[in-house]
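Structural features, examined
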Amino acid sequence: MEMDAWWSAGLGGVLGLLIGSFLNVVIYRLPKMMERQWQAELAAISAADKVDGAEMAAATPQEPFNLMTPRSRCPACGHMVQWYENVPVFSYLFLRGRCSACKARISARYPLVEIATGALFFFCIHRWGVTPTGAAWCGFSSAMVALAFIDWDTTLLPDDITLPLLWAGLLASALQWTQVPLHASVFGAAAGYLSLWLVYWGFKLATGKEGMGYGDFKLFAALGAWFGWQALVPIILMSSVIGAVIGIAMKIFSSLREGGYIPFGPFLVSAGFTAMVFGPQAILDPVLKLLGL
C-alpha cells in the first residue's frame, strides 16, 4: 500500500513537470495578452472619441497570440522549438541551457518552474492521494506558481487566475474537498479582500501613494477562501516578514528596481504554500517570536 502511494505521488510529480512547462507559457504570454487587450480597448475608445465623421481606417490585423498560438520559439533567432526540445527539465539539460540553433542562453528559470511544480504535485498527491482533495491542491499550487512569477516580472496579478482561484477555494470548501467549513471559507474570502482594501486606502489617504494593487486584495481573498478566515493573520504576518527581509536584502545589495518597489504577491504565495504544507497555525508562533510578540 505504501509503495502504491509513492508510485501515485511519482506520477503526480511527472504530471507536475508537464504542467510546469505549460505554466512557463502562461507566465510569459498572459501579461502580453493583457497588454494587447488593453491596447485594443484604448484604440476602440480613441475611435469612439472621433467626431469628424471620417471613416475609420481598418486596423492592421495582428498575428494570433494566445496560450496556444503561435508555437514557442527562441526570442533571439526565432527558431521554432521542436517537441523534443520541450521535454521538461531533460531538454534543458540536453541542450545545456542554450538554443539548439543560435546557442543563445535559455533562462534557468524554465526548468526551475517545472521542478517546483513537479515537487508541489508530488507533495499534494503523496499527502492527499489521488482524490478530489489532492487534485484541488494541485490546481491551487499551479495557480500560485503562475501568480508569483507573473507578479514578480510585471507587478500584475491577472484576474484570469486570481478570480478562478477564489471561486475554486469556495467550491472546494462547499464540496468538502478541504477541511475548511464553507462559512469559514466565505468569511475568509470577504475578510481577506476587505482587510487589504482598507490598508490600501489608509495608506493612500495618508501618503497620496498607492502601496499595493487590487490584485493583492483578490489573491488574499483567494487564500482566505482556501484556508478560512482564521488563517489570514498568520499568512499576512508571514508574507510581511518575508517581504521585509527580502526588501532589506535587495536594498543592501542595490538590486531594487527603479522606483524601489517590490511586488507583494510572491510573498503572499510563499506564505500560502507554507500554510498548505505545515498548516496556518504552525507558522504563527515562529512569526510572532521573530517579531518579539
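Residues numbered from 1 in each chain as written. Predicted model: local features only at pLDDT ≥ 70, side-chain atom pairs only at ≥ 80, totals over all residues. Heavy atoms only, no water.

1. So, the packing of aromatic side chains
In total, this model carries 17 aromatic pairs according to the counting rule given. Aromatic side chains tryptophan 137 and phenylalanine 227 sit 5.4 Å apart centroid to centroid with 40 degrees between the ring planes, which places their arrangement in the tilted category. Placement of the pair is tryptophan 137 in helix H4 (residues 132-154) and phenylalanine 227 in helix H7 (residues 214-227), with a sequence separation of 90 residues. Owing to a relative accessible area of 6%, tryptophan 137 belongs among the buried residues under this scheme. With 5.4 Å between their ring centres and 65 degrees between their planes, tyrosine 200 and tyrosine 214 make a pair best called edge-to-face. With tyrosine 200 in helix H6 (residues 182-207) and tyrosine 214 in helix H7, this pair connects stretches of sequence that are 14 residues apart. An aromatic cluster of at least three residues, connected via ring pairs, comprises Phe123, Trp128, Trp137, Phe140, Trp226, Phe227 and Phe273. Between arginine 29 and the ring centre of phenylalanine 65, over which it is positioned, the NZ or CZ distance is 5.5 Å. (Phe/Tyr/Trp six-rings, centres within 6.5 Å; stacked < 30°, edge-to-face > 60°. Helix = DSSP H or I, 4+ residues; strand = E, 2+ residues; numbered from the N terminus. Buried < 20%, exposed > 50% of the residue type's maximum accessible area, 1.4 Å probe, protein only. Lys NZ or Arg CZ within 6 Å of the ring centre and 35° of its normal.)

2. Side note on the pattern of salt bridges
Overall, the coordinates contain three salt bridges when judged by the stated rule. Between aspartate 159 and lysine 218 there is a salt bridge whose closest N-O contact spans 2.7 Å. Taken as a pair, aspartate 159 in helix H5 (residues 159-174) and lysine 218 in helix H7 lie far apart in primary sequence, 59 residues in all. The partner of glutamate 210 in a salt bridge is lysine 204, and the shortest N-O contact between them spans 3.4 Å. Accessibility expressed as a relative area gives 53% for glutamate 210, which makes it exposed. (Salt bridge = Lys/Arg side-chain N within 4 Å of Asp/Glu carboxyl O.)

3. A word on the side chain of threonine 117
Residue position: threonine 117 is located in helix H3 (residues 109-128). In contact with threonine 117, other than residues within four places in its own chain, are Gly16, Ile19, Gly20, Leu23 and Val145. (Contact = heavy atoms within 4.5 Å.)

4. Here we look at the layout of surface pockets
In this structure, the largest pocket spans a volume of roughly 970 Å³. Contributing to the lining of the largest pocket are 36 residues, with Ser72, Arg73, Val81, Asn86 and Tyr110 lying nearest its centre. Partitioned by chemical class, the residues of the lining of the largest pocket number 22 nonpolar, eight polar and six charged. Contributions of two or more residues to the lining of the second largest pocket are made by helix H1 (2-49), H6 and H7. The greatest single-element share of the lining of the second largest pocket, amounting to four residues, is contributed by H7. Of the residues belonging to the lining of the second largest pocket, the class tally is 15 nonpolar, five polar and five charged. (1 Å grid on protein atoms, 1.4 Å probe; cavity = no way out; pocket = protein on both sides within 12 Å on 5 of 7 lines; lining within 4 Å. Points joined across faces, edges and corners; volume = space filled by probe spheres on them. Nonpolar A, V, L, I, M, F, W, Y, C, P; charged D, E, K, R; others polar.)

5. Some details on the packing of H7 against helix H8 (residues 232-252)
Close contact between H7 and H8 brings their axes to 10 Å; oriented N to C, the two are set at 135 degrees. For the element pair H7 / H8, the angle class is oblique. Note that H7 runs across H8; the crossing there is right-handed. Here H7 contributes Phe220, Leu223, Gly224 and Phe227 to the contact with H8, which in turn contributes Leu232, Ile235 and Ile236. Looking at the contact of H7 with H8 residue by residue, the classes come out as six nonpolar, one polar and no charged. (Axes fitted to C-alpha atoms, helices over the stretch in contact; angles between N-to-C directions. Parallel < 35°, antiparallel > 145°, perpendicular 65-115°, else oblique. Left-handed = near helix turned anticlockwise from the far one by under 90°.)

6. Side note on unusual backbone geometry
Omega for the peptide link from threonine 69 to proline 70 comes to 0 degrees, which places this bond in the cis form. In this structure, valine 89 takes a positive phi of about 65 degrees despite not being glycine. With respect to the helices and strands, valine 89 occurs in the loop between H1 and helix H2 (90-94). With phi around 60 degrees, threonine 155 is a residue other than glycine that occupies positive phi space. Within the secondary structure, threonine 155 is located in the loop between H4 and H5.

7. Re the nonpolar core
Phe140, Leu165, Phe227 and Ile235 are the most contacted members of the largest nonpolar core, which totals 52 residues. Those elements that provide at least two residues to this core are H1, H3, H4, H5, H6, H7, H8 and helix H9 (265-278). Looking at this core, the element that brings in the most residues is H4, giving 11 residues. (Core = buried A, V, L, I, M, F, W, Y, C linked by side-chain atoms within 4.5 Å.)

As far as function goes, none of this settles anything; it's purely spatial.
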